[in-house]
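Chain by chain, the residues run as shown.
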Amino acid sequence: LPDAAARAVVADLGLGGPVSCPVAACATGLVAIVRGAELIAHGDCDVVLAGSGDASLLDNVVTSFRRLGVHASDMGGAAASCRPFDVGRTGFVVGEGAGVLVLESAEHAARRGAEVLAEYRGGGRAADVSGLMQIDETGASLAGLLSRVVDGSGIDRDTVDHVQLHGTGTGPNDRCEARAVERVFGERVATLGCSAVKGAVGHLLGAAGSVETAFGVLSLRDGVVPGTANLRQLDPECAVGVSLESRRRPVRCVLAVSLGFGGHLAAGLFTAPPVSPG
């Protein structure tokens, strides 16, 4: 059953409280984080372990993606074949992994003396109704979600320094994200710190959203916008501020984005934690 892994973790750690297992294809990890934050905001929980894992390096999974035409051609081995936003991109490479974030109320974190890495400022989910495997390449559906998340948080759009993109390295997905970011951030799109990590870690499928959100949180801690591995020549149709090299710069606010087959869209907004007095 889809919730078998979640129930196993609960049993192993002896956890209490609600157990939830959202299923949203490649957006699952970020959807889980947004849902966990909602449980805390509604007073149902003080602390939530939120994340996802996936182990899909299986012949039938990889073959299915190849038949769909979204799996990358061999361009010098798996490590070099996924090229998000590159003019020569041919798709993604399947990877495996897991990521979990510890979410808790500010009061709970203070009581246990936690090292706070980020403050969750808002998130949301939406549906792209273009089709089971299609996506709205105009970016309108995704831009609507991103606008609601950023504006609903009360944060000025100019405060967003880093957008952690889904970046599969497929033409429709990359164009959708680039156009959505341009709709939301306007002239800032080319200089905004954007990144896509699938060229480095592969497409982790159900785990992608949680792992990539963790990269975004760490960018707040370390003041680094991760590089987009294998990017050689930016596709002129994807004029977002991605770079092959990582960039050290102040990061005050990061917007994480996840997309999944079936029209699943998710976004989460995080800011650097408040500086403690003294």
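Nothing here was measured: the structure is a model prediction, and the numbers come from that model.

Let us look at the sheet that holds strand β9 (residues 264-271). Strand order across the open sheet formed by 5 strands is β3-β9-β8-β4-β5, with mixed pairing between neighbours. Each end of this open sheet is capped by a strand with a single partner; those strands are β3 (119-127) and β5 (193-195). On average, each strand axis in the sheet is inclined to that of its neighbour by 15 degrees, with strand direction left out of account. Here β3 runs beside β9; their pairing, made up of 8 bridges, is antiparallel. Pairing of A126 across the sheet is with L265, part of β9.

Right, let's get into the side chain of D86. Residue placement: D86 occurs in the loop between α4 (78-81) and β2 (96-104). Comment: no salt bridge for buried D86; closest opposite-charge side chain is R83, at 4.8 Å. Polar contacts involving the side chain of D86 include one to the main-chain amide nitrogen of R232, which spans 2.7 Å. Not counting residues up to four positions away in its chain, the partners in contact with D86 are N230, L231, R232, Q233 and D235.

Another aspect to go through is helix α9 (residues 208-222). Since one α-helical turn is 3.6 residues long, residues separated by three or four positions face the same way. For α9, with 15 residues, the first-to-last C-alpha span of 21 Å sits near the 21 Å given by 1.5 Å per residue. When α9 is considered as a whole, its buried residues turn out to be A208, G209, S210, V211, E212, T213, G216, V217, S219 and L220. At the C-terminal side of α9, G223 shows a positive phi close to 65 degrees.

Let's shift gears to the nonpolar core. Counting residues in each nonpolar core, the largest one holds 32 residues, and the members touching the most others are L142, V163, V240 and L255. Elements supplying a minimum of two residues to this core: α6 (140-152), α7 (171-185), β8 (253-260) and β9. Those residues in contact with V240 that lie beyond four places of it in its chain are F85, L165, A178, V181, V189, C194 and L234. L30, L39, I40 and V217 belong to the second largest nonpolar core, which has 21 residues in total.

Our focus in this paragraph is the pattern of salt bridges. Following the criterion strictly, the structure yields 13 salt bridges and no others. Here R7 ties to D3 by a salt bridge, and the two come within 3.2 Å at their closest N and O atoms. With a relative accessible area of 42%, R7 lands in the partly exposed category. When salt bridges with common partners are traced through the structure, they connect R35, E38 and R125 into a single cluster.

This brings us to unusual backbone geometry. The phi dihedral of A25 falls on the positive side, at around 50 degrees, and the residue is not glycine. Mapping A25 onto the fold places it in the loop between α1 (4-13) and α2 (28-41). Although it is not a glycine, N230 adopts a positive phi angle of roughly 75 degrees.

What counts, and where the lines are drawn
- Residues numbered from 1 in each chain as written.
- Predicted model: local features only at pLDDT ≥ 70, side-chain atom pairs only at ≥ 80, totals over all residues.
- Heavy atoms only, no water.
- Pairing = 2+ DSSP bridges.
- Helix = DSSP H or I, 4+ residues; strand = E, 2+ residues; numbered from the N terminus.
- Axes fitted to C-alpha atoms, helices over the stretch in contact; angles between N-to-C directions.
- Buried < 20%, exposed > 50% of the residue type's maximum accessible area, 1.4 Å probe, protein only.
- Lys, Arg positive; Asp, Glu negative; His and termini not counted.
- Salt bridge = Lys/Arg side-chain N within 4 Å of Asp/Glu carboxyl O.
- Polar contact = N/O pair within 3.5 Å; in protein donor to acceptor, adjacent residues only side chain to side chain.
- Contact = heavy atoms within 4.5 Å.
- Expected span 1.5 Å × (residues − 1).
- Core = buried A, V, L, I, M, F, W, Y, C linked by side-chain atoms within 4.5 Å.

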